[in-house]
Amino acid sequence: MAAIHDLTVKMIPFLDRHLVFPLLEFLELKEVYSPEDLLKAKYELFKDSNMVDFVLDLYKKLHKTDEAPKEFAERREAVLCQMEELRSKAQDVMDVLEKPEVIAALRQDKAQNLSYLKEKYGFNEDSINILYEFGQFQYNCGDYGGAADYLYHYRVLSTDSDRFLSATWGKMAAEILTGNWDAALEEMQKLREIIDQKNFTSPLQQLQQRTWLLHWSLFVFFNHPKGRDGIVDMFLTPQYINTIQTSCPWILRYLATAVVTNKRRKNQMKELVKIIEQESYEYKDPITEFVEALFVNFDFEGAQKKLKECEDVLSNDFFLAATHEDFMESARQFISETYCRIHQKIDIKEMSQRLNLSQEEGEKWIVNLIRDTRVDAKIDFEENTVIMNTPITSVYQQVIERTKGLSFRSQVLATTIKRREQAQNASNEVVV
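Below you will find a few notes about this structure. (Residues numbered from 1 in each chain as written. Predicted model: local features only at pLDDT ≥ 70, side-chain atom pairs only at ≥ 80, totals over all residues. Heavy atoms only, no water.)

### Digging into the overall build of the protein
Part 1 of the argument: Within the protein, the regular secondary structure consists of 23 helices and 3 strands.
Part 2 of the argument: In terms of overall size, the protein is more extended than a compact globule, its C-alpha atoms giving a radius of gyration of 29 Å where 432 residues would be expected to give roughly 22 Å.
Part 3 of the argument: With the C-alpha coordinates aligned to their principal axes, the bounding extent of the protein is approximately 85 × 85 × 40 Å.
Part 4 of the argument: Within the protein, buried positions represent 44% of all 432 residues.
Part 5 of the argument: Contacts in the protein between residues far apart in sequence, at least 24 positions, make up 60% of those at least 6 positions apart. (Helix = DSSP H or I, 4+ residues; strand = E, 2+ residues; numbered from the N terminus. Rg over C-alpha atoms; globule rule 2.2 N^0.38 Å. Buried < 20%, exposed > 50% of the residue type's maximum accessible area, 1.4 Å probe, protein only. Contact = heavy atoms within 4.5 Å.)

### Some details on a negative patch on the surface
Part 1 of the argument: A grouping of Asp-92, Asp-95, Glu-98 and Asp-149 is seen on the molecular surface, where their side chains present a negatively charged patch.
Part 2 of the argument: Following the sequence through the fold, Asp-92 ends up in helix α5 (residues 70-97). (Patch = residues over 30% accessible without salt bridge, like charges linked within 9 Å, V, L, I, M, F, W, Y side chains within 5 Å. Areas by Shrake-Rupley, 256 points an atom, 1.4 Å probe, with all protein chains shown as cover. Salt bridge = Lys/Arg side-chain N within 4 Å of Asp/Glu carboxyl O. Lys, Arg positive; Asp, Glu negative; His and termini not counted. Charge placed at Lys NZ, Arg CZ, Asp CG, Glu CD.)

### Digging into the packing of helix α17 (residues 286-295) against helix α18 (residues 300-315)
Part 1 of the argument: α18 packs onto α17 with a crossing angle of 160° between their chain directions and a minimal axis gap of 8 Å. Overall, the two elements α17 and α18 adopt an arrangement that is roughly antiparallel. Handedness of the crossing formed by α17 with α18: left-handed. Every residue of α18 that contacts α17 at Pro-286, Ile-287, Glu-289, Phe-290, Ala-293 and Leu-294 is listed here: Phe-300, Gly-302, Ala-303, Lys-306, Leu-307, Glu-309, Cys-310, Val-313 and Leu-314.
Part 2 of the argument: Residues of the contact of α17 with α18, tallied by class, amount to 11 nonpolar, 1 polar and 3 charged. (Axes fitted to C-alpha atoms, helices over the stretch in contact; angles between N-to-C directions. Parallel < 35°, antiparallel > 145°, perpendicular 65-115°, else oblique. Left-handed = near helix turned anticlockwise from the far one by under 90°. Nonpolar A, V, L, I, M, F, W, Y, C, P; charged D, E, K, R; others polar.)

### Here's the deal with helix α8 (residues 125-141)
Part 1 of the argument: The terminal C-alpha atoms of α8 lie 24 Å apart, and with 17 residues this matches the ideal 24 Å at 1.5 Å per residue to within 8%.
Part 2 of the argument: Listed as buried for α8 are Ser-127, Ile-128, Asn-129, Ile-130, Leu-131, Tyr-132, Phe-134, Gly-135, Phe-137, Gln-138 and Tyr-139.
Part 3 of the argument: Where α8 is buried, its residues touch α2 (17-30), α5, α7 (110-121), α9 (144-157) and α10 (161-177).
Part 4 of the argument: If you check the start of α8, you find a side-chain oxygen 3.0 Å away from the backbone N of Asp-126, and it comes from Asn-124. (Expected span 1.5 Å × (residues − 1). Polar contact = N/O pair within 3.5 Å; in protein donor to acceptor, adjacent residues only side chain to side chain.)

### Looking at the pattern of salt bridges
Part 1 of the argument: As enumerated under the stated definition, the model contains 21 salt bridges in all.
Part 2 of the argument: One salt bridge connects Lys-42 with Glu-25, and the closest N-O pair in it is separated by 2.5 Å. Placement of Lys-42 in helix α3 (residues 35-46) and of Glu-25 in helix α2 is noted, with a sequence separation of 17 residues between them.
Part 3 of the argument: Accessibility expressed as a relative area gives 5% for Lys-42, which makes it buried.
Part 4 of the argument: In this structure Glu-25 comes out as partly exposed when scored by relative accessible area, which is 35%.
Part 5 of the argument: Between Lys-47 and Glu-44 there is a salt bridge, and its shortest N-O distance comes to 3.0 Å.
Part 6 of the argument: Given a relative accessible area of 36%, Lys-47 falls into the partly exposed group.

### Side note on α3
Part 1 of the argument: Given a rise of 1.5 Å per residue, 12 residues ought to cover 16 Å, and the 17 Å separating the end C-alpha atoms of α3 matches this to within 8%.
Part 2 of the argument: Residues of α3 that are buried: Leu-38, Leu-39, Lys-42, Tyr-43, Leu-45 and Phe-46. End-on, the buried residues of α3 take up no more than an arc of 160°, which puts them together on one face.
Part 3 of the argument: Considering only its buried residues, α3 is in contact with α2, α4 (52-63) and α5. (Arc of directions from axis to C-beta.)

### Structural notes on the nonpolar core
Part 1 of the argument: Of all hydrophobic cores here, the largest spans 121 residues; its most connected members are Phe-235, Tyr-254, Phe-290 and Phe-327.
Part 2 of the argument: Looking at this core element by element, the count peaks at 9 residues for α5.
Part 3 of the argument: Among residues more than four places away in sequence, those in contact with Tyr-254 are Leu-7, Met-11, Leu-218, Phe-222, Ile-231, Asp-317, Phe-319 and Leu-320. (Core = buried A, V, L, I, M, F, W, Y, C linked by side-chain atoms within 4.5 Å.)

### Description of the environment of Leu-294
Part 1 of the argument: With respect to the helices and strands, the residue Leu-294 is situated in helix α17.
Part 2 of the argument: Along the primary structure Leu-294 and Ile-335 are separated by 41 residues, whereas in three dimensions their C-alpha atoms are 7.1 Å apart.

### Topic: unusual backbone geometry
Part 1 of the argument: Even without glycine at this site, Lys-64 takes up a positive phi of about 50°.
Part 2 of the argument: For Lys-64, the position within the fold is in the loop between α4 and α5.
Part 3 of the argument: On the basis of relative accessibility, which here comes to 71%, the residue Lys-64 falls in the exposed class.
Part 4 of the argument: At Phe-298, a position not held by glycine, the phi torsion is positive, near 50°.
Part 5 of the argument: When you line up the elements, Phe-298 lands in the loop between α17 and α18.

### Observations regarding the packing of α18 against helix α19 (residues 324-342)
Part 1 of the argument: For the pair α18 and α19, interaxial distance at closest approach is 10 Å and the crossing angle is 170°. Compared by their axis directions, α18 and α19 come out roughly antiparallel. Contacts between α18 and α19 involve Phe-300, Leu-307, Cys-310, Glu-311, Leu-314 and Ser-315 on the former and, on the latter, His-324, Phe-327, Met-328, Ala-331, Arg-332, Ile-335, Thr-338, Tyr-339 and Ile-342.
Part 2 of the argument: Across the contact of α18 with α19, the residue classes tally to 10 nonpolar, 3 polar and 2 charged.

### Details of the state of the cysteines
Part 1 of the argument: Scanning the model with the defined rule gives 0 disulfides in all.
Part 2 of the argument: Considering cysteine sulfurs only, Cys-141 is the nearest to Cys-81, which forms no disulfide, with 13 Å between them.
Part 3 of the argument: Residue Cys-81 is classed as partly exposed on the basis of its relative accessible area of 45%. (Disulfide = S-S within 2.5 Å.)

Printed below as a string of structure tokens:
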């Protein structure tokens, strides 16, 4: 069951290999796949990286040996030599940039800054690019903090738009891997702005960039304290809904979880339901099927069955494991509210079964729901039922409510028609 609904294979093409590693570690912890298969995956993922000691350790575990092949020693020596060479060049540049007089002289205008550094300290394009190259090298060695620092300084001076974009991707990944969620959120917002504003050679490139950002942003949204607000706001914008529908419909799992667990975004459930219904032919899993069963089909038995399956999906998903309790709580509340809206008399035992709770737990749940949501209802403990006191609006009141804005809309329509007639008459006079 866990492997059937695992999305790791679908997501790997849109993630950097360093970002894939935490997912593989999680799958190993949850025993979703065999340890040997995951060990092979880790080795294949990092064998071409600069993390030579780590790759060697994986090699030894994979081949069950303590002997290190000669090529690893040679590779390690080459990496260390390259590191020292790049570090020396990068440090020379940083020594200049950290001087108080240089810090005071630098302005917002990058061209002016480069001109100043060229004139005063003999800088050229290579002097700036070395910061990018060393930052990228450190990232490939697993030194994410150092990489973030050098990529930051590179962006301050760089006028190369393509490398600036690449450096921003690198810095976002580095901040994610160091768990610096505020900085990662800031980088994600910068990337979103760049992708929206940059003139790409083709729409396909922009679509690809947005697809990557959707996947990378999951690390931020499900770890940052305000992430569940952010994911709903970003993913429900037209351009990102279009990207999800075109490139990665499985992202609907994360959007659905965010909407269900976020009480401040309940009003956007209708929009989510519409998208899930449209994409159900392309992608579905227990979480999207739960939403569809409850809000499209009003199938309470189906929703109950899918809610049980959701528990397994949530606990075995790297991004959603921490939302498990919130999701189950909110999902039960949605079931209760929907059920109460269409029933006047509710059997507590039956309701408890629909919520996957014992009768005692169900009674407590319903009491708390009535108290917290201030629903106009009372519990009949003799019959073990809940009586909903649904206010009945008179027909006259319904007519008044529906026609309340009619006079205003009629006035607006009349004004618009009058303006068009005046404009038409004026144009006819000009022609004459």
